[in-house]
Amino acid sequence: MNIDYMKNNRLFLLFVFSARQISSFAQSPTDSNLKFKGLAIYIDYPDAPAWVTPARLDSLLNGMNYQEEGASRSFRKYWYEQSRRNIDLTHDIFFYTAPQNSTYYETLTWQEGILLWKDALESIIAKNPAYDWRSLSISDDYFDTGAKGGIASVMVISSKYGLAGVGASHGPGWTLSNGIKINSIQGCVLKAPWDTTPVNLFVSLHESGHDIFAFPDTYDTDSGTEHSGGTGFYCLMSGGKPDIEPIGAPFLAQYNWGYVLEPVPGTHLISLRADGDSVIVFRNPYDPKEYFTIEARKNSTVGNSLFPADIGLLVWHTDSKVSTSNRLSDMTPLKHYRNAIEQADGLFQMERSATNRGNKGDIYVPGKSFTGSSVPNSKWWDGTPSGFEFRNIQFVGDDHVQVEIVIPEPADRLPVIPQDEWRLISATPSQAGYSAAKAFDGDESTYYHVPWGNTYARPHEIIIDLGQVYLINEFHYLANTNSKAPWEGRVADYQLFVSEEGTNWGSPINSGTFFYTGINQYARFPYSKGRYVKFDCINSWVGNGSQTDVRTSIAEMNFRGSTNLSLSVKDFNDGATSAAENLILYPNPVGDRLNIQYYPVNETPVKIYNLNGTLLKSFVFSGSTSIDMTDLATGMYYVKAFLPGGLIVKKIFKI
């Protein structure tokens, strides 16, 4: 199949080698030209008077084709281009002189300093009674800020850098005297101390990325030896060079800006134009908040002057379960960045060095590939194979990169168990109004909450009757997303039990650690049969890196399962049934030695874990092997085999 896409003379070629119809993959809209209007206030000080004229400031913010030294694009044009012509953002501009010298405001905390900004807003109300505040755009469901109902963009531009609140976005939650809500506000300058040109819009664009679009920082926000380059000069949210970097593929995928393609399973030969308009996305089918994105760039495009190759592919690994602050630099399953660059040389230098902002080794060019065994590899952060691959990179002309993409067949999943037959058996006592039944009422805005100051012994637990016996193999947990008290108590370490009669629980069928986040998280495990489930919260997050909170909070919990009890209780696999049948473990229960066979014969990596997820043994065999088990205590263990057909997990019992 050979499909040519033509839109606004932007040629996008896609050749699909599969029997599926091309219409079954996602493509997002662009060029919608949605108009939004915000408010901009330029604040100067008696000792730091305004150095920009109203006409020049209007050109810098609102001019579509305005340029000057240090500003190759206006504020408006940057977001118009980066949103792929979806967002046309302008600002009404006002000037305000602070009553005190700038040195006074430099001594304040940011909470005190931004009260000057509120005074400036009230001054506009007092001096401009005819101004139509209702003409300003309201933050609604289009923007992912979570601050609904307030003005979409309020920008404070200071005539001097270093004052309290400048260089950051804030969420004050003000209601002005005219009833207008200011849920979020950004502070910036037109020229920072490190700028060598007359102006540079980086600070204003970076802070607006936070304030308007809820983009996180992508540089490491730790200090000292832990500080690193994050995503370096590849992204506005970590960069800052004169022509100002693009936002990057993960953020295009977040808003569906441009041509965001999620190909169907199969092998595809795709040609990406290196203008950044087209992005390929592959999501974890069990956790859509984790995904890979691929984009093509060339360094002659505005904003890419530091792109270290003439042309090539940039690959990102995103995990939205991670906090928006980049402080998790271990690059391990629990502590990794929200957005990381898959550096083609496998060095992860940017994540480990404050001075390394990117180099030519990061870029995928002809001769490079990305597979389950490459370095870096295409595995998910928990170490399971994704099956996603790309290879055979070729340059087509001077502005296209052609690449062969492999998308695996999706794994079969059991259906979500309906909650309407569930019944609460018992739970650790809750705060009034936050009963345990709210953990499975189907409403994500309500939640079960064990309050601050409780003296209940850990673990905090909830026991539920599912209404009938199921085979279950997947658990879903959603933390509360509330930003006001009562909150916190998001689950960190946990254990999950299943029982057929609700009294004998045995060993946990699953245990692990959830991220500190307010979005859905999933756990998978071998098929387990039962009608009753017990969820134990061992401890909770109080913030990034601290699991000492006494509270517990669950917004929603659910399971995937089946009432077809003829499904195998022993085996769990990712759609690789034939491979599972060819993997033989015996005896089970096992005594001193475990025999493993897999045919056809090839090198097979195998790992053995306890129920807490601790890796106990790791080895590679071909055909068959025998493993010494005498050092393991009596109990249940997981055997994970990484086969060509996918990940196979089986349970064994050591006697």
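Above: the structure in question.
Since the model is a prediction, treat every value here as computed from it, not as a measurement.

Q: Can you help me understand the sheet that holds strand β13 (residues 287-298) in this one?
A: To summarise the sheet geometry, strands pair through backbone hydrogen bonds and adopt either a parallel or an antiparallel arrangement. Pairing within the open sheet is mixed, and its 5 strands lie in the order β10-β12-β13-β14-β15. Either end of the sheet is taken by a strand with one partner, and the two such strands are β10 (259-261) and β15 (339-341). Recorded for the sheet is a direction-independent mean angle of 25° between the axes of neighbouring strands. For β13 and strand β14 (residues 311-319), the ladder comprises 9 bridges, and the chain directions are antiparallel. Note on β14: the bridge partner recorded for Ala296 is Leu313.

Q: How should helix α2 (residues 75-82) be read in this particular structure?
A: Three- or four-residue spacings in an α-helix give side chains the same orientation, since the helix completes a turn every 3.6 residues. Among the 8 residues in α2, 6 count as buried, and that is most of the element. Regarding α2, the residues found buried are Phe75, Arg76, Tyr78, Trp79, Tyr80 and Gln82. In this structure, the buried side of α2 is in contact with α1 (54-62), β4 (87-97), β5 (154-158), α6 (202-211) and α7 (249-255). Arg84 occupies a position one or two residues after α2 and carries a positive phi of about 60°.

Q: Please explain the pattern of salt bridges as it appears in this structure.
A: Applying the stated criterion across every chain, the model contains 22 salt bridges. A salt bridge links Glu474 to Arg413; the nearest nitrogen and oxygen atoms lie 2.1 Å apart. Taken together, the positions of Glu474 in strand β20 (residues 460-478) and Arg413 in the loop between β17 (400-407) and β18 (423-427) put the pair 61 residues apart, joining distant regions of the chain. Exposure remark for Arg413: the relative accessible area of 28% places this residue in the partly exposed category. Within this structure, Asp31, Arg84, Arg85 and Asp277 form a network of salt bridges that share partners.

Q: So what exactly am I meant to see when it comes to the environment of Thr503 here?
A: Among the secondary structure elements, Thr503 is positioned in the loop between β22 (493-499) and β23 (510-513). The exposure class assigned to Thr503 is exposed, which follows from its relative accessible area of 56%. Spatially, the C-alpha atoms of Thr503 and Tyr532 are 8.9 Å apart, while their sequence positions differ by 29 residues. A distance of 3.2 Å separates a polar atom in the side chain of Thr503 from a polar atom in the side chain of Glu501.

Q: So what exactly am I meant to see when it comes to the packing of α2 against α6 here?
A: The angle between the axes and the distance between the axes are what describe a pair of packed helices. Relative orientation of the contacting elements α2 and α6 amounts to 50°, with a least axis distance of 10 Å. One finds that α2 runs oblique with respect to α6. As α2 runs across α6, the sense of the crossing is right-handed. Touching Phe75, Tyr78 and Trp79 of α2 are Ser204, Leu205, Ser208 and Gly209, all from α6. Among the residues making up the contact of α2 with α6, the classes are represented as 4 nonpolar, 3 polar and no charged.

Q: Please explain α6 as it appears in this structure.
A: For α6, the tally of buried residues reaches 10 of 10 residues, placing the bulk of the element in the interior. Those residues of α6 that fall on the buried side of the exposure criterion are Phe202, Val203, Ser204, Leu205, His206, Glu207, Ser208, Gly209, His210 and Asp211. Looking at the buried positions of α6, the neighbouring elements they touch are α2, β5, β6 (168-170) and β9 (185-189).

Q: Any chance you could explain unusual backbone geometry here in plain terms?
A: Trans is the prevailing form of peptide bonds, just as negative phi is the prevailing case for residues other than glycine. Omega for the bond connecting Val375 with Pro376 falls within 30 degrees of zero, at 0°, which places this linkage in the cis form. Mapping Pro376 onto the fold places it in the loop between α8 (349-352) and β16 (389-396). With an omega of 0°, the peptide bond between Arg458 and Pro459 qualifies as cis. With respect to the element layout, Pro459 can be found in the loop between β19 (448-450) and β20. Backbone geometry at Asn33 places phi at a positive 55°, although glycine is not the residue there. Structurally, the position occupied by Asn33 is in the loop between β2 (10-17) and β3 (34-44). When its relative accessible area of 33% is taken as the criterion, Asn33 is described as partly exposed. Positive phi outside glycine occurs at Arg84, with the angle close to 60°. Tracing the backbone shows Arg84 in the loop between α2 and β4.

Q: Would you explain the nonpolar core in this entry?
A: Ranked by size, the top nonpolar core spans 84 residues in total, and within it Ile43, Leu121 and Trp133 carry the most contacts. When near neighbours in sequence (up to four residues on either side) are disregarded, Trp133 contacts Leu39, Leu121, Ile124, Ile125, Ile151, Leu176, Asn178 and Ile180. Counting 33 residues, the second largest nonpolar core, distinct from the first, contains Tyr448, Val450, Tyr477 and Ala479.

Q: How should I be thinking about the packing of aromatic side chains in this particular structure?
A: Centre-to-centre distance and the angle between the planes together describe a pair of aromatic rings. This model, assessed by the stated rule, comprises 38 aromatic pairs. On the basis of an interplanar angle of 45° and a centroid distance of 6.3 Å, the ring pair of Trp79 and Phe215 is categorised as tilted. With Trp79 in helix α2 and Phe215 in the loop between α6 and α7, the pair connects residues that are 136 residues apart, well separated along the chain. The exposure classification of Trp79 matches that of Phe215, with both residues buried. Within the aromatic cluster, the residues linked to one another by ring pairs are Trp422, Phe440, Phe475, Tyr477, Tyr494, Phe514, Phe535 and Phe559. Over the ring of Tyr291 we find Arg283; its NZ or CZ atom is 4.6 Å from the centre of that ring. Geometry around Tyr522 places Arg413 over its ring, the cationic atom sitting 5.9 Å from the centre.

Cut-offs used in this document
- Residues numbered from 1 in each chain as written.
- Predicted model: local features only at pLDDT ≥ 70, side-chain atom pairs only at ≥ 80, totals over all residues.
- Heavy atoms only, no water.
- Pairing = 2+ DSSP bridges.
- Helix = DSSP H or I, 4+ residues; strand = E, 2+ residues; numbered from the N terminus.
- Axes fitted to C-alpha atoms, helices over the stretch in contact; angles between N-to-C directions.
- Buried < 20%, exposed > 50% of the residue type's maximum accessible area, 1.4 Å probe, protein only.
- Contact = heavy atoms within 4.5 Å.
- Salt bridge = Lys/Arg side-chain N within 4 Å of Asp/Glu carboxyl O.
- Polar contact = N/O pair within 3.5 Å; in protein donor to acceptor, adjacent residues only side chain to side chain.
- Parallel < 35°, antiparallel > 145°, perpendicular 65-115°, else oblique.
- Left-handed = near helix turned anticlockwise from the far one by under 90°.
- Nonpolar A, V, L, I, M, F, W, Y, C, P; charged D, E, K, R; others polar.
- Core = buried A, V, L, I, M, F, W, Y, C linked by side-chain atoms within 4.5 Å.
- Phe/Tyr/Trp six-rings, centres within 6.5 Å; stacked < 30°, edge-to-face > 60°.
- Lys NZ or Arg CZ within 6 Å of the ring centre and 35° of its normal.

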